[in-house]
Amino acid sequence: MVRRLWSDGVLLAVLIACVWWPLATGGAPGGASKARVDLRSPKYLHYKQEYRRNLLSNGLGVTPPMGWNSWNHFACAVNETIIRETADAMVSTGLSKLGYEYVNIDDCWAEIARDYNGNLVAKNTTFPSGIKALADYVHGKGLKLGIYSDAGYFTCSKTMPGSLRREEQDAKTFASWGIDYLKYDNCNNDGTKPTVRYPIMTRALMKAGRPIFFSLCEWGDLHPALWGAKLGNSWRTTNDISDTWDSIMSRADLNEPYAELARPGGWNDPDMLEIGNGGMMKHEYVVHFSIWAISKAPLLLGCDIRNLDKDTAEIISNKEVIAVNQDSLGIQAKKVRSEGDQEVWAGPLTGYRVAVLLVNRGTYRYTVIAHWDDIGLPLDTVVEARDIWEHKTLKNTFVRNITATVDAHSCKMYILKPVS
Ligand code: GLA
């Protein structure tokens, strides 16, 4: 609200400066008359529109991005062979057909020193062929290449430079290499607010001549959900995830209050997936994937997809769960009810359908109930329920509520479709 008042105040000041003042002082185009100015007149609408213009209009992220990122599994041990083989695996495993398209290099890909002209240089020992060659390779597979930089002087690993004060130059470099996605971190900055530093890169990317998905990695410090949509296609709402039950559930909780601020073109990002990294049980990874999917989070795999085990492949390839994430309505689900360790998450889908997730965070089996008045269905609606982990449409129809017995650290996920 304060922000709104503030921005409206600035808008008014801009309008006064640009419109009223020249008119009042006789400098108006078309005459020196001191006629009253109606700021609501369509004549002046473009000033308002110009001021409110979204800095980012790249048309990307209409549904949450899907792909892979090197950090969760490889951290700084990433190299061009891993990236090439990951691109190969994305295709050979069938993941690319399911919508996974971005292959994203995280931190540690560059030399600590820029070249003679101040350009970023790929690290010679790990990326000897250079990033352009890698982009060509990845594009040749029908995929997209992402890269990482930082709105500071150095990235978080401190092994390479950040882009602060080099935004235009670096954005041009990325575009010239054929980069499709930029994750932009927040370490080692100059102490100014992210709302000062991030827009500079947004503008630089818009000028760089190539649509580049812009992922703001500000860790949720300054509530980027409140300002991120004008600057980026996604914004981290949390600090770093790790491969534990507590970590994924707390990240889910931190991300959830911002649900209403997600929309096609700009998504809340509770961090990348840990499925397949070995720290959790299969049913816990199922909860992880389900919450990320229903929350319209970016589905960026974080395991070694060159060596997928059967359980991991099954989870990340679940077409019906992916379809919930990619539903064109683009509305992030909310946690509509929690009683102790039992939670109901729900969100609307196209076709008057509702995605419902019953989660048991506790260590005993429990019955979880989703009531229609909690999940946004008129009370007398009769629905058909599709269990999208069992891939079965339940025999009975349901009215008023749906109930399931849910094991410890497990979930049930349904799509409810009205039949009356
Ligand atoms: C930060 C980010 C992580 C990762 C590392 C790399 O911690 O939040 O996702 O990019 O930096 O150093």
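Residues numbered from 1 in each chain as written. Predicted model: local features only at pLDDT ≥ 70, side-chain atom pairs only at ≥ 80, totals over all residues. Heavy atoms only, no water.

Heads up, the condition is: UniProt positions are given in the numbering used here, feature names are shortened, and annotations may be inferred rather than shown by experiment.
Looking at an unreviewed UniProt entry, the chain carries the name Alpha-galactosidase, with the source organism given as Rhodamnia argentea. According to the UniProt record, the Function (unreviewed entry) comment for the chain is "May regulate leaf (and possibly other organ) development by functioning in cell wall loosening and cell wall expansion." The record in UniProt for the chain states the following under Catalytic activity (unreviewed entry): "Hydrolysis of terminal, non-reducing alpha-D-galactose residues in alpha-D-galactosides, including galactose oligosaccharides, galactomannans and galactolipids."

**Notes on the packing of helix α8 (residues 245-255) against helix α9 (residues 282-294)**
What counts, and what does not: A fitted line through C-alpha atoms serves as each axis, taken over the contacting stretch for helices, and the angle formed by two N-to-C directions is quoted from 0 to 180°. Strands here are runs of E lasting at least two residues and helices are runs of H or I lasting at least four, both read from the DSSP assignment and numbered beginning at the N terminus. Any angle that falls under 35 degrees is termed roughly parallel, while one over 145 is termed roughly antiparallel, one within 65 to 115 roughly perpendicular, and all others oblique. For any helix crossing, the convention is left-handed if the near helix is rotated counterclockwise from the far helix by under a right angle, and right-handed if that rotation is clockwise. Throughout, a residue-residue contact means that at least one pair of heavy atoms, one from each residue, lies within 4.5 Å.
In contact at an axis separation of 11 Å, α8 and α9 are set at 15 degrees when each is read in the N-to-C sense. Compared by their axis directions, α8 and α9 come out roughly parallel. Helix-helix and strand crossings are classified by hand; for α8 and α9 the assignment is left-handed. Judged by residue contacts, Trp245, Ile248, Met249, Arg251 and Ala252 of α8 engage Glu284, Val287, His288, Ile291 and Trp292 from α9.

**So, the sheet that holds strand β11 (residues 354-360)**
Put simply, the test is: For two strands to be treated as a pair, DSSP must find no fewer than two bridges joining them.
Strand order in this open sheet of 6 strands is β9-β10-β11-β16-β13-β14, and the pairing throughout is antiparallel. The two strands at the open ends of the sheet, each matched to only one other strand, are β9 (334-339) and β14 (392-399). In this sheet, adjacent strand axes meet at a mean angle of 25 degrees when their direction is disregarded. With 5 bridges connecting them, strand β13 (residues 382-387) and strand β16 (residues 410-418) associate as antiparallel partners. Residue pairing in the sheet places Arg386 in a bridge with Ile415 of β16.

**A closer look at the pattern of salt bridges**
Threshold: Salt bridge, as applied in this entry: a Lys or Arg side-chain nitrogen positioned within 4 Å of an Asp or Glu carboxyl oxygen. Exposed residues in this analysis have more than 50% of their type's maximum accessible area, buried residues have under 20%, and partly exposed residues fall in between, with area computed by a 1.4 Å probe over protein chains only.
Applying the stated criterion across every chain, the model contains 27 salt bridges. Measuring nitrogen to oxygen at the nearest pair gives 2.7 Å for the salt bridge that ties Asp240 to Arg236. Relative accessible area serves as the criterion here: at 3%, Arg236 is assigned to the buried category. Of the charged contacts, one joins Asp253 and Lys335 as a salt bridge, the two residues approaching to 2.8 Å between their closest N and O atoms. With a gap of 82 residues between them, Asp253 in helix α8 and Lys335 in strand β9 connect regions that are remote in the sequence. Given a relative accessible area of 26%, Asp253 falls into the partly exposed group. Counted as one network, the salt bridges with shared partners bring together Asp253, Lys335, Glu343 and Arg361.

**Notes on the sheet that holds strand β1 (residues 66-69)**
Taken together, 8 strands build an open sheet; the order of strands is β7-β6-β5-β4-β3-β2-β1-β8 and the sheet is parallel. A strand with exactly one partner marks an edge of an open sheet, and here the two such strands are β7 (267-269) and β8 (299-301). Neighbour-to-neighbour, the strand axes of this sheet turn through a mean angle of 25 degrees, independent of strand direction. As judged from the 5 bridges shared by strand β3 (residues 144-150) and strand β4 (residues 181-185), these two strands associate in the parallel manner. Counterpart to Ser149 in the pairing with β4 is Tyr184.

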